[in-house]
Structure formats: structure tokens, C-alpha cells
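Survey of secondary and tertiary structure
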Amino acid sequence: MDLIIKNGTLVDNNGCYQANLAIAEGKIKAIFLGNKYFQAEQIIDASKKMVFPGVVDPHVHFQLQDLGRIISTDTFASGTQAAACGGVTTIIDFADQTRGKSPLKGFYERKKDADSQVAIDYSLHVSKTDTEFLDEIPTLISEGVTSFKFFTTYSWRNLNLNDAELLKLFKEVKKCRGMVMGHCENDSMIINYRNELIHEGKIDPIFHAYSRPHIVEEEAIQKVLLFAKKTGVHLHIAHITTKEGSELLHKAKRQDSIVTGETCPHYLLLNEGDYKGSEGYLNLMSPPLRHTKDQQALINRVTDNTIDFISTDHCEFSRASKGNGNLPFHQVLNGIPGIETSLSLMHDLLINKYKITYPHLVTLMSSAPAKIFGLYPQKGSLMVGTDADLVIFDPLLEKRIRPETLHYSIDWNPYTDMKVIGWPIMTLLRGHILCEDGDFVGPPNEGKFLKRSHKTQFER
Ligand code: URP
Ligand code: ZN
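Attention here is on the structure that accompanies the text. (Residues numbered from 1 in each chain as written. Chains lettered and ligands numbered in written order. Predicted model: local features only at pLDDT ≥ 70, side-chain atom pairs only at ≥ 80, totals over all residues. Heavy atoms only, no water.)

With 15 residues, helix α12 (residues 358-372) extends 20 Å between its outermost C-alpha atoms, agreeing within 8% with the 21 Å of an ideal straight helix rising 1.5 Å per residue. Along α12, the largest kink reaches about 50 degrees and is centred on Leu-364. Counting buried residues along α12, 13 of its 15 residues qualify, which places the element largely inside the surrounding structure. N-capping of α12 is provided by Thr-357, with a side-chain oxygen placed 3.1 Å from the backbone N of His-360. At the C-terminal side of α12, Gly-374 shows a positive phi close to 75 degrees. (Helix = DSSP H or I, 4+ residues; strand = E, 2+ residues; numbered from the N terminus. Expected span 1.5 Å × (residues − 1). Bend = angle between axes of the 7 residues up to and from the residue. Buried < 20%, exposed > 50% of the residue type's maximum accessible area, 1.4 Å probe, protein only. Polar contact = N/O pair within 3.5 Å; in protein donor to acceptor, adjacent residues only side chain to side chain.)

Structure follows, in C-alpha cells:
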């Protein structure tokens, strides 16, 4: 064997148990008690530690581009190394179609950008911004891209699809046995609220939230749920932020729809109050932060299994690229970092405070996204024969989140000074140690593109 991890508490989506784990050629070769396989090149003692499957974060924006120019602060290299230090071993990023251009070509270009840089395994969703090139969907699926993102807003960035286009996309994706994934906010309402606020001189960060009130999300989710029901496509709702949105997901799951949903750590841990003060502009993202009652409603819908998983929507910008606090809310670039802290924050919130089980935490962070996006059991499981992507997690290690001890390219963090109990102390990708005691120590570009299966558990 290449490596044995002994004496750890193994946790997967089905349970927790004490066992040893043997790794060879990048795969889990045995899970065993006793000392049967104790001849190995390296032995790691994981006594008093938990061993999870690596985190799968299926909603990430590294080196985000706008009109062909990189606007976010990180690269695929720096972003995936930070991710590894947070216990993440798989991401799904986006190949955003430029309207009028081939999404297949866009996918090949984005893949080329990522391939030489990634420290962890990755896949891509394709974002569809028009209904041209629908004939490329089968080729994209055969290339392993089985999920198609759509936006109901961002008309000012040429990203949105209108209702007829949404229906057309849903029908085509259903026919090809793919799935759709939606950023759901009503476009004309945002534009109207935004113009009114600007006209009244209300340009501070808090007005970003006022320009996108709850109805903006509720209307858009309601509409796309209807379209999904009529077409039968699997709809995944990205970053749900409101009580109303989570209730719509709950209701749809009890009807004849194939629907899944995610939320992000920031919607559980932060609220509108975080737009106040001199650093409030840094926390601008879309959809915006909400009220404390929404935080609690979302936590309830995470703990009762309505919300399927936690993603981060990680999108990293420097203070300068966010305008140093000198811009009106509608000109501040949207997005916050999150990938390196998500496992620890969710462990602290959901295990330490809300007492969910460890298998549920692993489901939320790893197994459910892997299943929904066609990567399970290669990713998101601890089964013999699957990739040895692992996090060794110390559930008692206390940390205070500080930007200087994280691995991002920026000097701020939305959770600065927050204390958490529980932190990953080692991350392995296919048996290679990538991160140890807070340092990235692994090969910088051993990550591989993952072709995803379109046969998810949700197929009917
Ligand atoms: O505010 C968010 N969600 N930013 C992510 C990047 C984007 O443009 O969607
Ligand atoms: Zn996003």
C-alpha cells in the first residue's frame, strides 16, 4: 500500500465508524480493522480525528471573466490551492457562454485555462445565455458537461434568458437527459428598484439589498419551478437566500418535480447588517444578504434535508477591484470568497450549534453535490475502489478566522475574527497530501478534469 490512515473515525453519508483506510494508486483499496495492511510507505495516525470524503463544491467562480477579461482576484491556481487548504478536493466552475458564440468552443477554452493550473479535480457547468447552439448540448454532455446554468437576470450583462428562451432550453436539456441550474432573480424588478433608489440618492451598500427584495427571488423561483414541472427537466436552484425561496423548494419536492436546491454559508451566517460600516461594500454579492429570520428559516431547511447541499458561490475580489468603498452599490463587483472556510464554518454552525449528525454534514458538503452532479461514488464517498480524496478533520481545533492565515490572494475576509471549533488538518487528493497543518504542500497542478455522468439518481 502507498498510505494507511489508521485509528480515525471515518464518516460518510451513511454513518460514522472507527476503521483504518488503505490507499494505493490514488484509490481507496481497503477499509479494515486490525493491522492486516499495515505495510505501507507512509502511515498517518488519525487518532481523535475524523476522516471525511473531500468536500465537493459545485458552485465556484475562479478567475471570473467579463467580456473576455479576468475580473476576479484569484486564478485557478491560487483558488484551488486555497480550496484544498479548506478540505475541498473537487469543484465545479462555469464556462459562461458569450451570447452569440459557441458554448462548446467556450467550454474548450475555459477547460484549457483550468487544466494547467488546478491543484484539485474539477468540472464545468456551461452557462447558456441564448438559445442558439442548442444542437451542441449532446456534444457537451458527451464531454461530461451535464448541467446547464441559466440566469433570469443580468440583462445589463447580456446573461439572461427570457421566458420563451427558458422553456426552449429546459425542453432541449430534458430531451438530452441533462439538468438545468438557475440563478433566480426577476430582472425588471431589480432594474426598477435600482433606478428608483439611485434617483433618490440611495447608493450605500445596504441599498443593494433593497434593490433586490424578497419578491425578486420568490417570483423567479416560482416561475422556473413551473417551467421545470411542465418540461420534466431536473431543475437545480442555486444560492437560495430567502424563507420564501426555501418554502417553494420544500413544496416542489412534495409534488411531481425533479428539483434540488443549495444555499451558501454567507446566507446562513451573515445578514443585511453586514452591509453597514466602512467595510460593508466588500460583502456585496447577488442575491444579497437577507434578514435574521431568513437565516433561521434557511438553517431549518438545511437541517430538515429540504436544502440538498452547501455551495460557496466563491468569487474573490480585492478591496481595490470592489472600489475601496467609493462606488455606488450598483457599480460594485458582486461576489465574496468562501471556499476555504466553508467546511469549518458549517461544522461549527451545523454540528456544534444545531447538532446535525456528522453523516448529514458529509451529505451537505460532499455526497449530495457529487450525486446531484453525476460524480458519485467516485467523489463524495468513502468506498473501496473510489478516489482517495480525503479530509482529516480535527473537530476540537479552535481557530479565529484571519485573512493572513488563509490562502486567498486578498487581505480581507467576510468572517474575520469569527471563532470556529473544528478545522481540516490534512487534505488528500487521490492519495497525495495537498495540505498539512494549514500549509499547501502538494503538487500544484495535479488536478484533473472530471467527465460527469448524466445518469444521476434523479433521472426518471
Ligand atoms: O455575487 C455573485 N454571486 N457573484 C458571482 C459571480 C457572478 O457574476 O455571478
Ligand atoms: Zn455564482
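That covers the picture; the talk isn't over yet.
Before going further, it helps to spend a moment on the nonpolar core. Phe-52, Phe-107, Phe-150, Leu-169, Phe-170, Ile-237 and Met-346 are the most contacted members of the largest nonpolar core, which totals 103 residues. Those residues within four positions of Met-346 in sequence are excluded, and the remaining contacts are Pro-265, Leu-268, Leu-269, Ile-310, Ile-351, Leu-361 and Met-365. Residues Ile-5, Leu-10, Ile-23 and Ile-44 belong to the second largest nonpolar core, which totals 18 residues. (Core = buried A, V, L, I, M, F, W, Y, C linked by side-chain atoms within 4.5 Å. Contact = heavy atoms within 4.5 Å.)

Before going further, it helps to examine the site of ligand 1. Every residue close to ligand 1 is listed here: His-61, Leu-64, Arg-157, Met-285, Ser-286, Asp-313, Cys-315, Asn-334 and Gly-335. Between an oxygen atom of ligand 1 and a side-chain N or O atom of Arg-157, the distance comes to 3.1 Å. In this structure, Ser-286 approaches ligand 1 through a main-chain N or O atom, which is 2.7 Å from an oxygen atom. In this structure, ligand 1 is accommodated by the largest pocket. For the shell around ligand 1, the residue count by class is 3 nonpolar, 4 polar and 2 charged. (Near = heavy atom within 4 Å. 1 Å grid on protein atoms, 1.4 Å probe; cavity = no way out; pocket = protein on both sides within 12 Å on 5 of 7 lines; lining within 4 Å. Sits in = over half its atoms within 2 Å of the grid points. Nonpolar A, V, L, I, M, F, W, Y, C, P; charged D, E, K, R; others polar.)

A few words on the pairing of strand β13 (residues 234-237). Two faces make up the sheet, and in a regular strand the side chains alternate between them. Here β13 shows no split at all, with His-234 and His-236 on one side and Leu-235 and Ile-237 on the other all buried. Here 4 bridges tie strand β12 (residues 179-183) to β13, and the two strands are oriented parallel to one another. What sits directly across from Gly-182, in β13, is Ile-237. The sheet contact formed by β13 and strand β14 (residues 259-263) spans 3 bridges and is parallel. Each bridged residue has a counterpart across the sheet, and for Ile-237 the counterpart in β14 is Gly-261. You can see the chain leave β13, run along helix α8 (residues 243-253) and come back into β14, and the turn it takes is right-handed. (Pairing = 2+ DSSP bridges. Right-handed = clockwise from strand over helix to strand, strands pointing away.)

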